[in-house]
Amino acid sequence: MVALLLLLALTAGAQPFQLPTANQALFEKGGEEKFFVGTTGKSWVSGTFGCVRSEGWQLHEGLDIRCLQRDKRGEPADPVLATADGTVAYFNTRPSLSNYGNYLVLQHRIEGLEIYSLYAHLSQIRPDLRVGQAVKAGERVATMGRTANTSERISKERAHVHFELNLLVNDRFARWYKATCPDQRNDHGEWNGQNLLGLDPRLILLEENSQGAKFSLVAFLQSQTELCRVLVRRTEFPWLRRYSALIRPNPVAAKEGVAGYEVSLNFNGVAFELIPRAASEIKGKAKFQLLSVNEPEYQKNPARRLVAKRGGHWELTGHGINDLELLTF
Ligand SMILES: [Zn+2]
């Protein structure tokens, strides 16, 4: 029994994610310059996750991790490693089809949550990898490169791997996209960037590093800062199943039946808390109802433009409505 409890404690507390290259400077005091690559002429901060570009109005949804190894021609040669145990979900080997160039997506299941890691601008993806194939944490899956969909690519000096940790919004994305944007091409199915919502990998890795066995991804998600709270009049959508750990119980809805969900969104549109609501608890008939906005958070992280203040009051923008349409499709 003691051995079993110990085993459970060890597996529950295993640190789920590791850095995707040999560059570990993230964990060194003052190591940021050695770890992040900024955009041309900008500081390392522009290589971190968040509203870090264009004076805060442009989101960078991953970490740009600096190259450590070069071949004879000065090309990046760092092995790129799976951040956690998982399976191959998708890869793109036609750089012209994405500003991510060659990129790879792995699927992970951590504390019951589906998480997707993404590695971009690769020079090569391991040729034997197939969709559905299992990979182990730390296993080499690709080689760093500087591919993109522009002829100049990423410059040699800025060579990096762009690394993301994402939640997947909707497995019916391709259908939604076709219905919503009939004139637009979707080359990547449900692996379109619009369908992947990034978390900050730096915060996750640092928290894991400091908390050790106590780190919990569910707790990390639950502790996101709320940008706004919205009521959606839908009771069935994939996020509820994929991220059921984020649903908070509500005895009223459990008794009377669920008529909608009150959803907390972080600045990037991640629905990190969902409370079922009964019809008796819902006012108004709107499909999406903006209940509140955390103004300081909006000032700090505005890049997704999910809400806006017009004529002295807050409303959902077209971007915000679009995100909610996809979430609840
Ligand atoms: Zn990047």
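Structure: see above.
None of these values were measured; they are calculated from a predicted model.

(A) Local environment of the sheet that holds strand 8 (residues 124-125). Spatially, 3 strands are ordered 4-10-8 in an open sheet, and the strand pairing comes out antiparallel. Lying at the two open borders of the sheet, with one neighbouring strand each, are strand 4 (79-81) and strand 8. Note: strand 8 against strand 10 (residues 140-143), 2 bridges, orientation antiparallel. Across the sheet, Ile125 pairs through a bridge with Ala142, a residue of strand 10.

(B) Structural detail: the coordination of the zinc ion. Summarising the metal site, the zinc ion is bound by the protein donors His60 (NE2), Asp64 (OD) and His162 (ND1), whose distances to it range over 2.0 to 2.1 Å. Along the chain, the residues donating to the zinc ion fall in the pattern H-x3-D-x97-H. Residue Asp64 is located in strand 3 (residues 63-66), and its partner His162 is located in strand 11 (residues 160-168); the two are separated by 98 residues in the primary sequence. Residue His162 is classed as buried on the basis of its relative accessible area, which comes to 4%.

(C) Summary view of the packing of aromatic side chains. Counted according to the given criterion, the structure contains 13 aromatic pairs. Summarising the aromatic geometry, the rings of Tyr90 and Trp191 are spaced 6.3 Å apart at their centres and angled 20° between planes, so their arrangement reads as stacked. A residue pair is termed long-range when its members are at least 10 positions apart, and Tyr90 in strand 5 (residues 86-92) and Trp191 in the loop between helix 3 (173-180) and strand 12 (196-199) qualify at 101 residues. In this structure Tyr90 comes out as buried when scored by relative accessible area, which is 16%. Exposure remark for Trp191: the relative accessible area of 13% places this residue in the buried category. Between Tyr298 and Trp314, the ring centres sit 5.0 Å apart and the planes meet at 70°, which makes this aromatic pair edge-to-face. One end of the pair, Tyr298, is in helix 8 (residues 295-300); the other, Trp314, is in strand 18 (residues 313-316), with 16 residues separating them in the sequence. Site record: aromatic cluster; members linked through ring pairs are Tyr90, Tyr100, Tyr103, Tyr116 and Trp191. Sitting over the ring of Phe329, Arg172 keeps its end group 4.4 Å from the ring centre.

Procedures and definitions
- Residues numbered from 1 in each chain as written.
- Predicted model: local features only at pLDDT ≥ 70, side-chain atom pairs only at ≥ 80, totals over all residues.
- Heavy atoms only, no water.
- Pairing = 2+ DSSP bridges.
- Helix = DSSP H or I, 4+ residues; strand = E, 2+ residues; numbered from the N terminus.
- Donors = N, O, S within 2.8 Å, 3.2 Å for Na, K, Ca; no water.
- Buried < 20%, exposed > 50% of the residue type's maximum accessible area, 1.4 Å probe, protein only.
- Phe/Tyr/Trp six-rings, centres within 6.5 Å; stacked < 30°, edge-to-face > 60°.
- Lys NZ or Arg CZ within 6 Å of the ring centre and 35° of its normal.

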